[in-house]
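Next come the chains, spelled out residue by residue.
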There are 2 protein chains.
Amino acid sequence: MGIQSTMKALSDPIRREILEHLKTGRHSAGEISDKFTISGPAISKHLSILKEADLLRDAREGKFIYYELNASVLEEVMLWIASLKGEST
Amino acid sequence: MGIQSTMKALSDPIRREILEHLKTGRHSAGEISDKFTISGPAISKHLSILKEADLLRDAREGKFIYYELNASVLEEVMLWIASLKGEST
DNA sequence: TATTCATTTAACCATTTGGTTAAATATAAA
DNA sequence: TTTATATTTAACCAAATGGTTAAATGAATA
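Residues numbered from 1 in each chain as written. Chains lettered and ligands numbered in written order. Predicted model: local features only at pLDDT ≥ 70, side-chain atom pairs only at ≥ 80, totals over all residues. Heavy atoms only, no water.

1. Overview of the pattern of salt bridges
The following threshold applies: For this analysis, a salt bridge means a side-chain nitrogen from Lys or Arg found within 4 Å of a carboxyl oxygen belonging to Asp or Glu. Per-residue accessibility, obtained with a 1.4 Å probe over protein chains only, is compared with the maximum for each type, and a residue is labelled buried under 20%, exposed over 50%, and partly exposed between these values. Each helix is a run of H or I in the DSSP string that is no shorter than four residues. Each strand is a run of E no shorter than two, and both are numbered from the N terminus.
A full pass over the atoms with the stated rule returns ten salt bridges over all chains. Salt-bridge contacts for Lys-85 of chain A lead to Glu-87 of chain A; the nearest nitrogen and oxygen are separated by 3.7 Å. Note on Lys-85 of chain A: relative accessible area 23%, which makes it partly exposed. The residue Lys-85 of chain A makes a salt bridge to Glu-75 of chain B at a minimum N-O spacing of 2.3 Å. Of this pair, Lys-85 of chain A sits in the segment after α5 (74-84) while Glu-75 of chain B is found in helix α5 (residues 74-84), placing the two residues in two different chains. A relative accessible area of 36% places Glu-75 of chain B in the partly exposed class. Beyond isolated ion pairs, a larger network of salt bridges with shared partners links Glu-75 of chain A together with Lys-85 and Glu-87 of chain B.

Okay, here's the thing in structure tokens:
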């Protein structure tokens, strides 16, 4: 956790796309995977990195694992950037 | 350029520290380097990555090369995050 | 219970990353 | 013009990253 894992997670374009996709609501791993051309396992790894960074939450429902965005940790990044820009927040 | 090079540049803790240091004003490569335990060439590489991402600007003055923060490109990151958080900006 | 479906984990591989030391470049100073 | 100083570039290396395919796991269905 911390800003490092957040920034690292956000540094990959596919992971950012996954987050953007989850803006529309919760989706299963398979649904997410379908949006990309890379393999399921590759997506699964990306999901676990995002989850580790607490950028998303997962919940199993039967055969499916649903992922949903947790944007709250992005607040820390916002504050860091704002401070760099010399904003009083 | 683009959000990808910005995010990639920001994903390294030393590069973020360099930017934080430059919040206090312009500093020469040597002054920046003195703040860290890694070698000068390593810092030089970090500086070139930050410069490539347009996060800082450089200006030679005699023997010295001064670096200064360019926070303007961070606006794009702010907007991206805000949009993910479902903010109207 | 055996099979199928959804997903992750394991093992592996090529490329990228971030560091090192040594050499090159640019400018100032002796 | 030689020497010293500031910085980058080159060459190299170990570790991390992001992908692959094959195997394992979890849960539903036949």
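2. Points about the relation of the copies chain B and chain A
Where we set the bar: Overlaid copies result from least-squares superposition on C-alpha atoms, with residues included only where pLDDT is at least 70 in both. Between two residues, a contact is recorded if the distance between any of their heavy atoms is within 4.5 Å.
Superposing chain B onto chain A takes a rotation of 180 degrees plus a shift of 0.0 Å along the axis, which leaves an RMSD of 0.0 Å. Within this description, the copies of the chain are treated as partners about a two-fold rotation axis. Take the interface residues of chain B: 100% of them recur as interface residues in chain A, which is what a same-surface contact looks like.

3. Observations concerning the nonpolar core
Using the following cut-off: Among buried residues, the Ala, Val, Leu, Ile, Met, Phe, Trp, Tyr and Cys ones that are joined through side-chain atoms within 4.5 Å form a nonpolar core.
Counting 52 residues, the largest nonpolar core has Ile-18 and Leu-55 of chain A together with Ile-18, Leu-19 and Leu-55 of chain B as the members making the most contacts within it. Contacts of Leu-19 of chain B, omitting those with residues within four sequence positions, involve Trp-80 and Leu-84 of chain A together with Leu-10, Leu-50, Leu-55, Leu-56 and Leu-69 of chain B.

4. Considering the sheet that holds strand β1 (residues 27-28) of chain A
Spelled out, the test is: In short, DSSP must find at least two bridges between two strands for them to pair.
Judged by pairing direction, the sheet is antiparallel, and its three strands sit side by side in the order β1-β3-β2 (chain A) without closing on themselves. Each edge of the open sheet is held by one strand with a lone partner, namely β1 and β2 (56-61) of chain A.

5. Structural notes on the pairing of β2 of chain A
Residues and elements named next belong to chain A. In this sheet, strand β3 (residues 64-69) lies alongside β2 in antiparallel orientation, the contact comprising six bridges. Bridging across to β3, Asp-58 finds its partner in Tyr-67. Turn length for the β2-β3 hairpin, with the two strands adjacent in sequence and antiparallel, is two residues, and the turn residue Gly-62 shows positive phi of about 65 degrees.

6. Examining the protein's contact with DNA strand D
Definition in use: Throughout, the term near means that a residue has one or more heavy atoms lying within 4 Å of the molecule or strand in question. Under the rule applied, a polar contact is a pair of N or O atoms within 3.5 Å (in protein, one hydrogen donor and one hydrogen acceptor; residues adjacent in sequence only if both atoms are side-chain atoms).
Around DNA strand D, the structure places 22 residues, and the nearest of them are Lys-8, Lys-45 and His-46 of chain A together with Gly-30 and Tyr-67 of chain B. Of all DNA strand D atoms lying within 4 Å of any protein atom, the proportion belonging to sugar or phosphate reaches 74%. Contact distances for DNA strand D include 2.8 Å between a phosphate oxygen and a side-chain N or O atom of Ser-44 of chain B. Here the surface near DNA strand D gets four residues from one element, more than from any other, and that element is helix α4 (residues 40-52) of chain A.

7. With respect to α5 of chain B
Among the residues making up α5 of chain B, those that are buried are Leu-74, Val-77, Met-78, Trp-80, Ile-81, Ala-82 and Leu-84 of chain B. The inward-facing, buried residues of α5 of chain B abut α1 (3-10), α2 (13-22), β3 and α5 of chain A together with α1 (3-10) of chain B. Immediately downstream of α5 of chain B, the backbone of Gly-86 of chain B shows phi near 70 degrees, a positive value.

8. Observations concerning the packing of aromatic side chains
How two aromatic rings sit relative to each other is set out by the distance from centre to centre and by the angle between their planes. Worth spelling out the cut-off: The pairing test for Phe, Tyr and Trp rings, Trp by its six-membered ring, is centres within 6.5 Å, and the orientation test on the planes gives stacked under 30 degrees, edge-to-face over 60, and tilted for anything in between.
Taken as a whole, this structure holds two aromatic pairs over all chains when the rule is applied. Here the aromatic rings of Phe-64 of chain A and Tyr-66 of chain A are separated by 6.2 Å at their centres, their planes lie at 40 degrees, and the arrangement is tilted.

9. Topic: the interface of chain B and chain A
Applied cut-off: Computed with a 1.4 Å rolling probe, the buried area is the accessible surface lost when two parts are put together, summed over both parts.
Listed per partner, the contact involves 25 residues of chain B and 25 residues of chain A. Across the interface of chain B and chain A, roughly 2,300 Å² is buried in total on both sides, 69% from carbon and sulfur atoms. Where chain B meets chain A, there are two salt bridges. Here chain B and chain A share ten residue pairs in polar contact (both at pLDDT 80 or more) between them. Broken down by secondary-structure element, the contributors of at least two residues to the side of chain B that touches chain A are α1, α2 (13-22) and α5 of chain B.

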